[in-house]
Structures are given as C-alpha cells and as structure tokens.
Amino acid sequence: MIHHIELYVSNLKKSTEFWGWLLEELGYELFQEWESGRSWKHGETYLVFVQTEEAYLGVPYHRKRTGLNHLAFHADSREHVDELTEKLRGRGVRILYEDRHPFAGGEDYYAVFMEDPDRMKVEIVAPR
C-alpha cells in the first residue's frame, strides 16, 4: 500500500487548480495546505504537490526521462470516465490519444489520458 507520493511542480497555482479539481472528482479531500504546497488524501494515501525552488526550475519535467512516467487512477465505471472526459474538455485540458479515445490502452482498456500543467501524463481507468 502506498502511504504518499510527493511531486514537485513548476507552478503550484496551476498544478493545484488542475490536481485539486481532479482529485476531488475522484473522491480525494484536501488534506494539508502551506505556502509552498498542498496535499489531497483518500483513505490513508495522500498526494503532495510542492512548488519547485527557483534554482531547480531550469530543466523541465518530461515523462520519458528517468523517473516518474505517469500516474493512473481508478474510475468507478465507464460512465465515470466519460463524465470526467467531458469535464476535462470543458476545463481546456488536452486529452491525449484523442484519435483512439477511450480505447487508447487497448480494446479492453477503457480510460482517459491527459497531461497536467507540467505535462505529466495522468490516466483515469474504468474497471474491466
């Protein structure tokens, strides 16, 4: 069981707008707030977002470099994926693999893929 995941972000305001909304749609609740960070919790697991210090902003994140590639979350159903997809589009979030959506992960894999403000890939997956 994961206890928590901490991610450094280039713009805390943009990231908390994106992640706060998405995580709350998935059932997470705001857990902690401080000047340079926020966290959301679901059960005993929480995700932490911290503003990257200015000295370390020179090299932007890219999921194909060594390190975290993406985060995937459970949806309640295919309908939940569809509802989130429409809400994401309404918020101006770019849906990845639009030409293959919602089966970009394969014919038995129903999901929506997107990028956060730092271009980290995020997916929401329906149960099989």
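Residues numbered from 1 in each chain as written. Predicted model: local features only at pLDDT ≥ 70, side-chain atom pairs only at ≥ 80, totals over all residues. Heavy atoms only, no water.

Participant: Looking at this structure, how should I read the environment of arginine 78?
Facilitator: On the secondary structure map, arginine 78 appears in helix H2 (residues 78-90). For arginine 78, the residues in contact, after removing those within four places along its chain, are Phe103, Tyr110 and Ala126. (Helix = DSSP H or I, 4+ residues; strand = E, 2+ residues; numbered from the N terminus. Contact = heavy atoms within 4.5 Å.)

Participant: What am I meant to see in the pattern of salt bridges here?
Facilitator: Should their charged atoms come close, side chains of opposite charge can pair. Taken as a whole and assessed by the stated rule, the structure comprises nine salt bridges. Linking lysine 13 and glutamate 17 is a salt bridge whose minimum nitrogen-to-oxygen distance equals 2.5 Å. Taken together, the residues lysine 13 and glutamate 17, both in helix H1 (residues 12-25) and four residues apart, mark about one turn of the helix. Among the residues examined, lysine 13 registers a relative accessible area of 59% and is labelled exposed. By relative accessible area, glutamate 17 is classed as partly exposed at 42%. One salt bridge in this structure joins glutamate 25 and lysine 87, with 3.0 Å as the shortest N-O distance. Separated by 62 residues along the polypeptide, glutamate 25 in helix H1 and lysine 87 in helix H2 bring together distant segments of the chain. The class of glutamate 25 is partly exposed, set by a relative accessible area of 28%. The class for lysine 87 is partly exposed, based on a relative accessible area of 38%. One salt-bridge network, held together by shared partners, links Arg63, Arg94, Glu115 and Arg119. (Salt bridge = Lys/Arg side-chain N within 4 Å of Asp/Glu carboxyl O. Buried < 20%, exposed > 50% of the residue type's maximum accessible area, 1.4 Å probe, protein only.)

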